[in-house]
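Observations on the model geometry
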Amino acid sequence: MAQKAFERSAGILMPISSLPSPYGIGTFGKSAYEFVDCLVAARQKFWQVLPLGPTSYGDSPYASFSAFAGNPYFIDLDTLIEEGLLETSYVESFKWNMEEQYVDYGLLYDSRLIVLKTAYDNSRHQDTEAYRNFLNDNQFWLEEYCLYSACKKNFDYTSWQEWDDDIKFREPEALKYYKEKLAEDIDFYRFIQFKFYEQWNKLKKYTNENGIEVIGDIPIYVAMDSADVWRNTDIFQLDEKLAPKRVAGVPPDAFSELGQRWGNPLYDWKVLEKDKFNWWRRRMEHSARINDIIRTDHFIGMAKYYSIPAEDEDARNGEWMEGPGRKLICAITDSVGDKKIIAEDLGVKIPEVEEVLEDSGYPGMKVLEFAFDGNRKNEHLPYNWTANTVAYGGTHDNDTLVGYFTSLERWELGYLREYLDSRDASIEKIVDKIFQTAYESVANVVIFQMQDVLKIGNIGRMNLPSSMGTNWRWRMIQGQFTPDKVERLRYLCDIYGR
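On a predicted model such as this, the values are computed, not experimentally measured, just so you know.

Even without a glycine there, the phi angle at R43 is positive, about 60°. When you line up the elements, R43 lands in the loop between α1 (30–41) and β2 (46–48). Positive phi is not limited to glycine here, since K276 has a value of about 60°. Inspection of the secondary structure puts K276 in the loop between α11 (269–274) and α12 (278–290).

Rendered as structure tokens:
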């Protein structure tokens with residue numbers, strides 16, 4: 001049965017990490033609730049977030065230590081203070097950020113778990129029914145993730161591939177030994193996840209009660225250094241030493257002559273299929289429980305995936321391989337119940353993907369930053385869209401709109417200006433016209449990044465693929481989402497029936 005289409009509506013892409021807060025990164029605290037209030041006033045129906053998992057080296061939410069666990073940085077410290085688990089003076093004794101508009105992950109890494117450990121020491125959560133229910137509801141992943149995290153700390157935070165062989169290969173005696181040796185650390189990591197989901201569920205409940213649905217985001221692949229791979233080595237393409245044989249990426253294209261070598265281990269789809277895709281079913285069930293709508297990143301990889309020899313430094317020698325296609329889609333659809341899915345189908349066009357999308361009813365994506373190359377048949381031009389589409393100005397991997405239009409040469413802006421009837425307009429006015437063009441279009445759903453609502457240049461760019469060091473850092477400053485910006489969105493929704 002095909003998924004029912006979205007009603008005509010709009011939303012904002014705003015990562016949790018980008019919310020204002022006194023503690024260096026966005027959290028599930030006061031500013032998150034204020035942001036929901038602004039969405040309501042702006043007549044938005046969706047709040048899209050990036051993946052919520054704990055981040056590893058590089059700070060990417062798409063390279064998490066777990067496909068199920070939550071990021072401890074998002075736990076709101078003011079809430080813990082209100083609960084009597086922390087003292088205000090103690091929390092304020094730590095330095096949380098150097099610049100208000102950027103996350104300093106180094107400072108967070110040095111301090112956040114220390115503060116959370118103090119909250120854990122002061123907590124009596126083990127005696128509560130809520131905690132017991134949490135343990136029961138998350139049996140599939142929680143214990144293995146907490147053991148993985150405790151072992152990671154024990155081995156100086158190195159990848160599980162570098163641990164002693166007995167625990168690396170999960171020998172029964174080693175598992176028993178480390179569970180006993182690291183019992184307190186394991187319980188601390190349980191506490192972190194309990195508090196994360198307690199706060200997230202409360203925020204999501206408030207969001208839903210105010211008529212806003214949360215669009216969550218799941219990467220198709222998981223990180224090699226993750227509890228998922230360590231616990232489930234049989235469902236990945238690994239050799240006898242548990243090293244990847246082949247890794248994920250995308251082939252060379254107009255943007256990169258070397259392609260992109262992501263390095264994630266590839267699934268062994270034959271093994272997964274024999275088990276009726278049980279791991280994927282569990283993953284989607286979990287995602288459906290914590291989100292209202294699920295955006296599946298790199299949807300193309302479900303139909304065909306690009307396989308690169310693990311020893312290669314770039315993606316030129318990779319090859320396309322057949323994916324599970326409809327079999328996996330059926331398992332996913334069955335797992336999420338009445339929750340809706342958005343397919344991130346950007347990139348190389350593959351007939352099999354288009355067939356799967358048509359069968360499933362999942363809407364694909366269109367991006368206005370990709371539209372104005374002069375090709376009148378460009379699928380991203382609004383007059384080529386269909387109603388069952390989720391339209392974006394740009395995504396977390398793109399320039400902001402101001403940054404993008406500022407970087408274009410005058411001749412490159414020519415077709416864009418003609419299309420928008422904005423021949424002499426400023427860049428800021430062109431951004432206004434882009435919003436109007438999207439809102440008035442046939443697309444059922446329109447989503448813009450918060451940076452584009454604020455008309456911020458590339459200082460607000462979230463991620464530059466294949467680069468390290470400056471990504472995932474942008475934060476909104478308190479008060480930037482001003483009443484006039486809220487009113488502009490409300491006006492567009494009203495005029496164009498969203």
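Summed over all chains, the structure comprises 50 aromatic pairs. Geometrically, the ring pair formed by Y62 and W472 is tilted, given 5.9 Å between the ring centres and 40° between the ring planes. You can see Y62 sitting in the loop between β2 and α2 (77–82) and its partner W472 sitting in the loop between α19 (450–453) and α20 (483–495), a full 410 residues away along the chain. One exposure class covers both Y62 and W472, and it is buried. The ring centre of W96 lies 5.0 Å from the NZ or CZ of R112, which sits over that ring.

Further remarks concern the sheet that holds strand β8 (residues 319–322). What the 4 strands build is an open sheet, ordered β5-β4-β7-β8; its pairing is antiparallel. For this open sheet the edge positions go to β5 (260–265) and β8, each flanked by a neighbour on one side alone. On average, each strand axis in the sheet is tilted by 50° relative to the strand beside it, whichever way the strands run.

A few words now on the environment of V103. Tracing the backbone through its elements, the reader meets V103 in the loop between α3 (88–92) and α4 (105–121). Classification of V103 by relative accessible area gives buried; the value is 1%. C-alpha of V103 to C-alpha of L464: the two residues are 361 residues apart in sequence and 16 Å apart in space.

A sheet is described by the order of its strands in space; here 8 strands give the open sequence β9-β6-β3-β2-β1-β12-β11-β10, paired in parallel fashion. Both edges of this open sheet fall to β9 (340–343) and β10 (364–367), since each of them pairs with a single strand only. Within this sheet the neighbouring strands show an average axis-to-axis angle of 25°, counted without direction. Sheet topology note: the strand β3 (residues 213–218)/strand β6 (residues 293–296) ladder contains 4 bridges and is parallel.

Below, the discussion takes up the packing of helix α5 (residues 129–137) against helix α9 (residues 183–209). If you want to describe how two helices pack, look at the angle between their axes and the distance between the axes. At a closest axis distance of 11 Å, the pairing of α5 and α9 adopts a crossing angle of 100°. As judged from the angle between their axes, α5 and α9 are roughly perpendicular. Together, A130, Y131, F134 and L135 of α5 and D187, R190, Q193, F194 and Y197 of α9 make up the contact between the two elements. Of the residues contributing to the contact of α5 with α9, the split by class is 6 nonpolar, 1 polar and 2 charged.

Let us now look at the pairing of strand β12 (residues 445–449). Of all 5 residues that make up β12, 5 are buried, and the element is covered over most of its length. Neither face of β12 is left uncovered, since the one carrying V445, I447 and Q449 and the one carrying V446 and F448 both have all their residues buried. Here strand β1 (residues 9–13) runs beside β12; their pairing, made up of 5 bridges, is parallel. Paired with I12 across the bridge in β12 is F448. In the sheet, strand β11 (residues 389–392) pairs with β12 via 3 bridges, with the strands oriented parallel. Within β12, the residue paired with A391 across the bridge is V446.

Applying the stated criterion to the full structure yields 0 disulfides. Free cysteine C151: the closest other cysteine sulfur is in C146, separated by 11 Å.

As a further point, take the environment of D312. Tracing the backbone shows D312 in the loop between β7 (304–309) and β8. Overall, the relative accessible area of 17% leaves D312 in the buried class. Between the C-alpha atoms of D312 and Q451, which are 139 residues apart in sequence, the distance is 36 Å. Sequence-distant contacts of D312, that is, excluding residues within four places in its chain, are made with R261 and N317. A polar contact is formed between the side chain of D312 and the side chain of N317, at a distance of 3.1 Å.

Moving on, we come to the pattern of salt bridges. In total, this model carries 28 salt bridges according to the counting rule given. With a closest N to O distance of 3.4 Å, R231 and E144 form a salt bridge. In this pair, R231 is assigned in helix α10 (residues 227–231) and E144 in helix α6 (residues 142–154), connecting sequence segments 87 residues apart. When its relative accessible area of 38% is taken as the criterion, R231 is described as partly exposed. Ionic pairing is found between E209 and K205, a salt bridge with its closest N-O pair at 2.6 Å. Taken together, the positions of E209 and K205, both in helix α9 and 4 residues apart, correspond to about one turn of that helix. For E209, a relative accessible area of 55% puts it in the exposed group. Assessed through its relative accessible area of 51%, K205 is described here as exposed. Residues joined by salt bridges that share partners form a network here, namely E83, K195 and E198.

A separate point is helix α14 (residues 326–336). Buried within α14 are the following residues: L328, I329, A331, I332, S335 and V336. In an axial view of α14, the angular spread of the buried residues amounts to 160°, which keeps them on one side of the axis. Counted as exposed and oriented over 90 degrees from the buried face of α14: C330 and D334. In this structure, the buried side of α14 is in contact with α11, α12, β6, α13 (300–303), β9 and α15 (351–360). Positive backbone phi, approximately 65°, marks G337, located one or two places after α14.

Criteria and cut-off values
- Residues numbered from 1 in each chain as written.
- Predicted model: local features only at pLDDT ≥ 70, side-chain atom pairs only at ≥ 80, totals over all residues.
- Heavy atoms only, no water.
- Helix = DSSP H or I, 4+ residues; strand = E, 2+ residues; numbered from the N terminus.
- Phe/Tyr/Trp six-rings, centres within 6.5 Å; stacked < 30°, edge-to-face > 60°.
- Buried < 20%, exposed > 50% of the residue type's maximum accessible area, 1.4 Å probe, protein only.
- Lys NZ or Arg CZ within 6 Å of the ring centre and 35° of its normal.
- Pairing = 2+ DSSP bridges.
- Axes fitted to C-alpha atoms, helices over the stretch in contact; angles between N-to-C directions.
- Parallel < 35°, antiparallel > 145°, perpendicular 65-115°, else oblique.
- Contact = heavy atoms within 4.5 Å.
- Nonpolar A, V, L, I, M, F, W, Y, C, P; charged D, E, K, R; others polar.
- Disulfide = S-S within 2.5 Å.
- Polar contact = N/O pair within 3.5 Å; in protein donor to acceptor, adjacent residues only side chain to side chain.
- Salt bridge = Lys/Arg side-chain N within 4 Å of Asp/Glu carboxyl O.
- Arc of directions from axis to C-beta.

By themselves, these are just geometric observations and shouldn't be taken as functional.
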